[in-house]
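# Fold and contact review
Okay, here's what each chain looks like letter by letter:
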Amino acid sequence: MKKILITTLVLVLVITYSYAQDTPAPEPFTPSKTQFMVRGYAHAGLNYKKTGDEVESTFVGTTFNPLFIFKHGDRLLFESELAFSFEDGQLDIGFEYANMSYLINDYMTIRMGKMLLPFGTFIERLHPSWVNKFANAPLGFGHGGIAPASGIGVEMRGAIPVGSMKILYSVYATNGPVLNTGMDAEGNFDEPDEAGQLMFNNFEDNNNKKGYGGRLGILPFANSSVEIGGSIYGGAVGDRGSSYGNIGAMLYAVDFSFVRQVSAVRGIVDVKAQYNLSNVDQATYIEPADDPLDPDEAYTFENSSNAYFAQASYRPTMAGNDVMKNFEVAYRYSAFNAPEGAEWEQQSTQWSVALNYYMNWRTLFKLSYQSTSQVGGHGVPEGETVQTDGIFVHWALGF
Amino acid sequence: MKNIKTLFVFLLPLAVGLILASSCASSKITMKSGAQLWGENCVRCHATPSPSAYNDIDWETIGLHMRIRANLTAEETNKIVEFLQSAN
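Residues numbered from 1 in each chain as written. Chains lettered and ligands numbered in written order. Predicted model: local features only at pLDDT ≥ 70, side-chain atom pairs only at ≥ 80, totals over all residues. Heavy atoms only, no water.

Residues and elements named next belong to chain A. Tallied over the full model, the rule gives 18 salt bridges over all chains. Its salt-bridge partner being Asp-255, residue Arg-215 comes within 2.7 Å of it at the nearest N-O pair. Separated by 40 residues along the polypeptide, Arg-215 in strand 10 (residues 211–219) and Asp-255 in strand 12 (residues 248–262) bring together distant segments of the chain. Each of the two residues, Arg-215 as well as Asp-255, counts as buried. (Salt bridge = Lys/Arg side-chain N within 4 Å of Asp/Glu carboxyl O. Helix = DSSP H or I, 4+ residues; strand = E, 2+ residues; numbered from the N terminus. Buried < 20%, exposed > 50% of the residue type's maximum accessible area, 1.4 Å probe, protein only.)

Further remarks concern the interface of chain A and chain B. Between chain A and chain B, the residue contacts involve 68 residues of the former and 46 residues of the latter. Counting the surface chain A buries against chain B, the share from its top three residues, Met-37, Tyr-212 and Trp-361 of chain A, is 13%. Here chain A and chain B share two salt bridges between them. Arg-44 of chain B is the salt-bridge partner of Glu-227 of chain A, the closest N and O atoms lying 2.7 Å from each other. Joining chain A to chain B, the criterion identifies 17 residue pairs in polar contact (both at pLDDT 80 or more). The dominant element in the side of chain A that touches chain B, judged by the number of residues it contributes, is strand 6 (residues 150–162) of chain A, at seven residues. Class assignment for the residues of the side of chain A that touches chain B results in 35 nonpolar, 17 polar and 16 charged. (Contact = heavy atoms within 4.5 Å. Buried area = accessible area lost by both parts, 1.4 Å probe. Polar contact = N/O pair within 3.5 Å; in protein donor to acceptor, adjacent residues only side chain to side chain. Nonpolar A, V, L, I, M, F, W, Y, C, P; charged D, E, K, R; others polar.)

Before going further, it helps to examine the nonpolar core. Counting residues in hydrophobic clusters, the biggest one holds 64 residues, and the most contacted among them are Trp-130, Leu-179, Leu-198, Tyr-233, Ile-247, Leu-251 and Tyr-285 of chain A. If you look at the next biggest cluster of nonpolar residues, it comprises six residues, including Met-108, Met-156, Ile-160 and Tyr-169 of chain A. (Core = buried A, V, L, I, M, F, W, Y, C linked by side-chain atoms within 4.5 Å.)

Time to look at the environment of Leu-116 of chain A. Following the sequence through the fold, Leu-116 of chain A ends up in strand 5 (residues 108–116). With relative accessibility at 6%, the residue Leu-116 of chain A sits in the buried group. Beyond its immediate chain neighbours, meaning those up to four positions away, Leu-116 of chain A contacts Tyr-97, Arg-111, Ile-123, Glu-124, His-127, Ala-149 and Ser-150 of chain A together with Arg-69 of chain B.

You will see that Glu-191 of chain A, though not glycine, has its phi angle at about 55 degrees, which is positive. Take Glu-191 of chain A: it is sitting in the loop between strand 8 (178–179) and strand 9 (198–199). On the basis of relative accessibility, which here comes to 39%, the residue Glu-191 of chain A falls in the partly exposed class. Even without a glycine there, the phi angle at Asn-71 of chain B is positive, about 55 degrees. Here Asn-71 of chain B shows up in the loop between helix 3 (56–69) and helix 4 (74–87).

Here it is as structure tokens:
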């Protein structure tokens, strides 16, 4: 019996040892050079607006912006962002950007495709709902605004440290903006109320003349708390072969940023501002007659517009109370002045105040009150000032 | 059109100058830690990300994305990513 037990034990040990010899030890995990991520952001909320006696109260959302990132090795990146929203009973899909980048050296990157333009800082850095401290963009951005959001072309960008300072730069060439003449290619009226505005989604160059632009930003202090930037963007904007073929436009922007945790106030103070100026060469446009028997009327105007915003926020990140340190208060003032004599002439001002709560670093609840005063523009009777007050409750999330 | 030519004349030397400058840049970034760069740079646009939000591989990808988006240098990016990977 004892011999059988010893023999069995020896056999088990021999078999186990042989098996262990045949099974290789697991190798440490080595990630592949190619990586893919889906990131993005979304928001939903409730908008309440009151204009005179007219009240609009509606839930909005969910706006969903997935961002696809493909990392091909250490130097090559492709990224694209789409914007899904529900408008007028239909799913609307926006094509925000799609571009590929190559790191040339430690301080320089080249990229090509459809890209957010570094014209100031709001569009490129601050517009995502989980970054924007308010429910919407300042006046002068978006449809009918004067600040370009994106362009199709090629860009060289990067940063260069100079002593304790840092210089950020970007130079780019795109298809350039397009002039809205109020007429389509066949000479029929098409959005005549927007004649003289610039459109920035130029998927095919309308005149074979590129738009050129750039931004230079300086961070003068070693702690990177202050940034001052200047942007310029311009080119021919009229359609090739049309009477607007020689019309050009020049856009300028200056921006400022101060962000710093200030011990004296036990929290983060964040101040940002941007001023945009748009100058389009003077041109003649046609206003359709109200009565078909009357002749249409030609008119012109000095096509210069400006828009600006300034905002400040405070978050008591050094507060002893864990709840208090997640609150933030913010204030923003913005204005938009469209050219006198244009069908879209308007002078608008807006102020907003917000109380935000950060559930974590990328999720926040935004409660804001906004007051807008508008003279001129769509739907505003001549000579009247329209006042719109609104309350917005938004939940924004980055992922 | 004159404005456009002026713009081109302004941007071309700027582009050439930047290429030359980028090949011989000096910096005091070398004196900063990854944690310090994380605290100084991310907050310029959004709240500082929690290191535990992503794993080591994801931080590499996000680092490359943010290097381009936020105009970071290679050294800044590497230090920030290494800090996030060490603290997640």
